[in-house]
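Below, each chain spelled out in residue letters.
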Amino acid sequence: MKRLILLSALLIFACSSDDSTNSNDCTIITEETTDITPISAVLNGSINYSQNCDIPNNDNQGFVYSKNFQPTTEDTQVNVNGTSISIIVENLDPDTTYYVRAFITNALGDFYGNEMNFRTDEVPDLLDCNGNLVPEVELGNYVWATVDACHTTYRDGTPIPEVPWSEMVNLTTGAWSYITDEGETWYPYDPPIVYKVYNFYALAGVHDTASFSDQELRKDFAPIGWRVAGDEWSGLSNANASSIASTSGWYESSQPGSPGYDQSNNNSTGFNLIPTASWVGAPGLGYGAAAERWMNSITSLGFAYGVAYFFRIGNNNAEPNEGWVTGYYPYTGMNVGMPVRLVKDQ
């Protein structure tokens, strides 16, 4: 969405040659901001010197921007070379007005163009698999989605491919699958009747072969405004497992405080963690035996030799715990499909 709030204006200053006091004009123009999203925008402008002007040696040029009027180099500064300048700025706050000016800095001082402003978009609604708005709950100092992720594209719109479960376990790129329970057997089912699971490569943004080895090429998995829960799960580690578990679907248990003990009293927090199955080591080992969710964390050794983690509560456990999987290895590695829970700051 494009917004133009202020009319363009020109800042004109003089530059002189070494052997003459005659001056020629230089213009710094801040242009309309384009490609605005909730967290990013493209800044545009131009820096033009009149013909025969002795151009000063610029130390810096580009844009300055701020949430306050008349931004300067004391605010956020991004450098861009050239006469027609443009750059994407990221990590902006959603639904927020920013003020921006093109600038140059040289031996003569700091010079700014006209001020423009733009407003970032609001964060889009998070929807479940049925297209309904996902309820949120504040827990452990964060805002959590109360259902598992269901999107099929990375943040920038690049598709996350759907594959059958039998193919997912042989991949080293991101994918998702529908999983359903048929007695004790789990397998891809069409039409989908349960929820989506993702391999860890999807969480890591590995969308093609090149991005497997080059981290700079990877995509953001979570929708704008959200992230995959990682260390945030530690805030739930002291919670009674039954308080974050759903009120149905668990194997029965005689252990007080466990999800399977008295299911009608589960989910006092509203977190609603539904049982899936024990995926690691034996996919589909008992719907109702455990709820496992990927954590967005991996050891520094990388995919081949590293360890990826997941959060787990079992039907017979009163306390949550953490599990881990090793690198590429069918049914026990990062190619295993698990649900994902999203989180954001309060």
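What counts and what doesn't
- Residues numbered from 1 in each chain as written.
- Predicted model: local features only at pLDDT ≥ 70, side-chain atom pairs only at ≥ 80, totals over all residues.
- Heavy atoms only, no water.
- Helix = DSSP H or I, 4+ residues; strand = E, 2+ residues; numbered from the N terminus.
- Buried < 20%, exposed > 50% of the residue type's maximum accessible area, 1.4 Å probe, protein only.
- Contact = heavy atoms within 4.5 Å.
- Areas by Shrake-Rupley, 256 points an atom, 1.4 Å probe, with all protein chains shown as cover.
- Disulfide = S-S within 2.5 Å.
- Core = buried A, V, L, I, M, F, W, Y, C linked by side-chain atoms within 4.5 Å.
- Pairing = 2+ DSSP bridges.
- Axes fitted to C-alpha atoms, helices over the stretch in contact; angles between N-to-C directions.

Caption draft 1: Representation of the overall build of the chain within the structure. Helix and strand counts for the chain come out as five helices and 18 strands. The buried share among the 346 residues of the chain stands at 47%. Within the chain, contacts between residues separated by at least 24 positions form 60% of all contacts whose residues are at least 6 apart in sequence. Here the chain has roughly 16,600 Å² of accessible surface; of this, 46% comes from carbon and sulfur atoms.

Caption draft 2: Looking closely at the environment of Ile160. Structurally, Ile160 can be placed in the loop between strand S10 (142–145) and helix H1 (165–168). For the pair formed by Ile160 and His207, sequence separation is 47 residues and the distance between their alpha carbons is 7.3 Å. Beyond its immediate stretch of four places on either side in the chain, Ile160 contacts His151, Thr152, Thr153, Tyr154, Gly174, Ala175, Trp176, Ala202 and Phe221.

Caption draft 3: Quick peek at the state of the cysteines. Scanning all chains against the criterion turns up one disulfide. In this model, Cys129 is linked to Cys150 through a disulfide, with the two sulfur atoms separated by 1.8 Å. Residues Cys129 and Cys150 share a disulfide whose torsion about the S-S bond is about 115 degrees; that sign makes it right-handed. In this pair, Cys129 is assigned in the loop between strand S8 (109–119) and strand S9 (136–139) and Cys150 in the loop between S10 and H1, connecting sequence segments 21 residues apart. You can call Cys150 buried: its relative accessible area is 12%.

Caption draft 4: Molecular detail of the nonpolar core. Grouped together as the largest cluster of nonpolar side chains are 32 residues, with contacts concentrated most on Tyr198, Phe200, Leu203, Phe221, Trp294, Val340 and Leu342. Residue assignment for this core shows that the elements contributing at least two residues are H1, strand S11 (176–182), helix H2 (200–203) and strand S16 (308–314). The greatest single-element share of this core, amounting to four residues, is contributed by H2. Every residue in contact with Val340, bar those within four places of it in the chain, is listed here: Asp148, Ala149, Tyr198, Leu203, Phe221, Val228, Arg293 and Trp294. Grouped together as the second largest cluster of nonpolar side chains are 21 residues, Ala41, Leu43, Ile47 and Ala102 included.

Caption draft 5: Fine view of the sheet that holds strand S4 (residues 60–66). Reading across from one edge, S5-S4-S7-S8 is the order of the four strands in this open sheet, with antiparallel pairing throughout. Edge positions in the sheet fall to strand S5 (76–79) and S8, since each has one partner strand and no second. Going from strand to strand, the sheet's axes swing by 25 degrees on average, the running direction of each strand aside. One ladder, built from nine bridges, connects strand S7 (residues 97–106) with S8; its direction is antiparallel. Following the sheet pairing, Thr105 is matched in S8 by Asp110.

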